[in-house]
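Here's the letter readout for the chains.
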Amino acid sequence: MSDATIEVAGLRKRYGSTAALDGMSFTAEPGRVTGFVGPNGAGKSTTMRIILGLHTADSGRALVGGRPYRSLRSPLRYLGALLDASALHPARTGRNHLLWLARSQGLGRGRVDEVVELVGLASASRRPAGGYSLGMQQRLGLAAALLADPPAIMLDEPFNGMDPEGIVWLRRFLRTLAGQGRAVLVSSHLMGELQGMADHVVVVGRGRVIADSSVADLIAAASGDRVRVRTSAAGAVVAALTAAGADVTETAAGVLSVRGLGAERVVAVLTARGLPFSELAPHRATLEEAYFDLTSDAVEYRAAATGASS
Ligand SMILES: Nc1ncnc2c1ncn2[C@@H]1O[C@H](COP(=O)(O)OP(=O)(O)OP(=O)(O)O)[C@@H](O)[C@H]1O
């Protein structure tokens with residue numbers, strides 16, 4: 001197995017009567033960004049803590065490059081992680097925080113300056129971390145994770161507190177890290193954050209994996225065979241397409257979702273009847289739609305459980 005691979009298999013963990021993990025299994029491969037997504041309480045943070053050896057699983061295994069994290073001699077050289085960006089000494093400057101960490105790993109000052117530049121913190125690094133915004137704390141945490149140049153990176157909710165510019169920056173940054181051949185595992189409870197960034201998504205709910213798929217396959221499955229048509233003659237278009245065998249719904253004024261006929265056939269029907277349209281394209285689902293299709297069961301369970309306890 002590559003040094004960069006993060007693998008969990010059959011992880012189970014209970015906290016009293018709560019089953020936080022119920023057979024969690026997946027692999028984050030080198031060279032790709034793997035999104036780790038699920039509703040609150042799905043078990044994402046617990047899984048990451050177990051990978052880092054901060055919590056012990058009741059059963060199952062968690063390996064980094066084929067070995068348990070705790071057995072690694074210089075673990076930061078294998079896996080860089082960011083779990084809680086706010087866990088900082090408020091009086092210590094960002095740079096000193098990194099220098100202290102670098103020293104503990106036998107790394108020099110030069111590397112600290114490099115990672116500070118990489119994450120765009122150069123101007124703020126000599127200020128006390130207590131004054132950092134959450135977005136700046138995330139950047140500092142990312143710098144710490146990258147310090148020993150590890151082949152695998154694991155980040156828990158790194159987009160939290162980032163402004164729109166920071167989000168765009170982080171997406172590009174994580175893509176670059178994966179492009180360098182690293183395994184990048186990123187948790188989020190917002191699927192939309194991963195759009196255009198993740199190659200692969202592991203969707204979890206109630207402590208286990210609901211879907212483990214490439215983003216392309218997930219979107220294709222959720223897109224179905226729908227075609228979106230914008231027209232100023234909705235009534236006539238609905239009639240013509242229905243007569244041709246399609247199932248048509250008007251999703252907004254003048255916007256139709258057509259199922260059962262491919263885009264080419266829809267164009268042929270409309271042109272043959274001289275019906276106007278200003279837009280016509282196969283529907284491409286967003287990652288968010290794909291996610292809601294997949295997790296509706298887990299969310300319903302949660303809503304029911306919340307309702308029952310209140
Ligand atoms: N230390 C703990 N003691 C008791 N219960 C815990 C503990 N840590 C996690 N849990 C419970 O385990 C379950 C999974 O929690 P976890 O934090 O791993 O989920 P998550 O997917 O990371 O959620 P979020 O998106 O809210 O961070 C939840 O029901 C949570 O309440």
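Please read these numbers as outputs of a predicted model, since none were measured by experiment.

Visitor: So, the overall build of the protein: which residues are in play, and what are the values?
Guide: Per the secondary structure count, the protein includes nine helices and 13 strands. When its C-alpha atoms are laid out on the principal axes, the protein stretches across 75 × 45 × 45 Å. Within the protein, buried positions represent 47% of all 310 residues. Of the contacts made within the protein by residues no fewer than 6 positions apart, 68% connect residues no fewer than 24 positions apart. Put simply, the protein shows about 14,400 Å² of open surface, and 51% of that area lies on carbon and sulfur atoms. Here the protein contributes 33 positively and 28 negatively charged side chains, and the mean placements of these two sets differ by 7 Å.

Visitor: Let's hear about the sheet that holds strand 10 (residues 226-230): which residues, and what values?
Guide: Across the sheet, which stays open at both edges, the four strands sit in the order 11-12-10-13 with antiparallel pairing between neighbours. At either margin of the open sheet sits one strand with a lone partner, and together these are strand 11 (247-252) and strand 13 (279-282). Neighbour-to-neighbour, the strand axes of this sheet turn through a mean angle of 20 degrees, independent of strand direction. Pairing geometry for strand 11 and strand 12 (residues 255-259), over five bridges, is antiparallel. Note on strand 12: the bridge partner recorded for E250 is L256.

Visitor: Break down the site of the ligand for me, citing the residues and quoting the values.
Guide: Close to the ligand lie Y15, T18, A20, P39, N40, G41, A42, G43, K44, S45, T46 and E157. For the ligand, an oxygen atom lies 2.9 Å from a polar atom in the backbone of K44. Take S45: an N or O atom from its main chain is 2.8 Å from an oxygen atom of the ligand. Protein chains shield 60% of the accessible area of the ligand, which is 630 Å² for the free molecule. When residues in the shell around the ligand are grouped by element, the largest group, three residues, is from helix 1 (residues 44-51). Looking at the shell around the ligand residue by residue, the class counts come to four nonpolar, six polar and two charged.

Visitor: Describe the packing of aromatic side chains, naming the residues involved and giving the relevant values.
Guide: The relative placement of two aromatic rings is captured by the distance of their centres and the angle of their planes. Counted under the stated rule, the structure contains two aromatic pairs. Note on W169 and F173: the rings are 4.9 Å apart at their centroids and 20 degrees apart in plane angle, and the pair reads as stacked. Here W169 pairs with F173, and both are found in helix 5 (residues 164-179), just four residues apart, close to one helical turn. Over the aromatic face of W100 sits the side chain of R92, whose NZ or CZ is 5.0 Å from the ring centroid. When the ring centre of W169 is taken as reference, the NZ or CZ atom of R139 above it lies at 4.2 Å.

Visitor: Which residues make up the nonpolar core, and what values do they have?
Guide: By size, the foremost hydrophobic cluster in this structure holds 52 residues, and its most contacted members are L98, L121, L174, M191 and V201. By residue number, the principal contributor to this core is helix 4 (residues 134-146), which donates six residues. Membership of the second largest hydrophobic core comes to 27 residues, among which are I50, A62, L83 and A183.

Visitor: Any chance you could break down the UniProt feature "domain: ABC transporter" (unreviewed entry) in the protein for me, citing the residues and the numbers?
Guide: Residues annotated in UniProt with the feature "domain: ABC transporter" (unreviewed entry) correspond here to residues 6-231. As annotated, residues 6-231 has a helix share of 30% and a strand share of 29%, and its two end C-alpha atoms lie 49 Å apart.

Visitor: Kindly report on helix 6 (residues 215-223), identifying the contributing residues and their values.
Guide: Within helix 6, burial applies to V215, L218, I219, A222 and S223. On an axial view of helix 6, the arc spanned by its buried residues comes to 130 degrees, and they lie on one face. Away from its buried face by more than 90 degrees, helix 6 exposes A216, D217 and A221. Two residues or fewer past helix 6, G224 is found with a positive phi of approximately 60 degrees.

Visitor: Summarise unusual backbone geometry; cite the residues concerned and give the values.
Guide: Positive phi values are uncommon outside glycine, yet D149 reaches one of about 50 degrees. Examined against the element boundaries, D149 turns out to sit in the loop between helix 4 and strand 6 (152-156). Backbone geometry at E157 places phi at a positive 50 degrees, although glycine is not the residue there.

Conventions and cut-offs
- Residues numbered from 1 in each chain as written.
- Predicted model: local features only at pLDDT ≥ 70, side-chain atom pairs only at ≥ 80, totals over all residues.
- Heavy atoms only, no water.
- Helix = DSSP H or I, 4+ residues; strand = E, 2+ residues; numbered from the N terminus.
- Buried < 20%, exposed > 50% of the residue type's maximum accessible area, 1.4 Å probe, protein only.
- Contact = heavy atoms within 4.5 Å.
- Areas by Shrake-Rupley, 256 points an atom, 1.4 Å probe, with all protein chains shown as cover.
- Lys, Arg positive; Asp, Glu negative; His and termini not counted.
- Charge placed at Lys NZ, Arg CZ, Asp CG, Glu CD.
- Pairing = 2+ DSSP bridges.
- Axes fitted to C-alpha atoms, helices over the stretch in contact; angles between N-to-C directions.
- Near = heavy atom within 4 Å.
- Polar contact = N/O pair within 3.5 Å; in protein donor to acceptor, adjacent residues only side chain to side chain.
- Nonpolar A, V, L, I, M, F, W, Y, C, P; charged D, E, K, R; others polar.
- Phe/Tyr/Trp six-rings, centres within 6.5 Å; stacked < 30°, edge-to-face > 60°.
- Lys NZ or Arg CZ within 6 Å of the ring centre and 35° of its normal.
- Core = buried A, V, L, I, M, F, W, Y, C linked by side-chain atoms within 4.5 Å.
- UniProt positions renumbered as here; feature names shortened; annotations may be inferred.
- Arc of directions from axis to C-beta.

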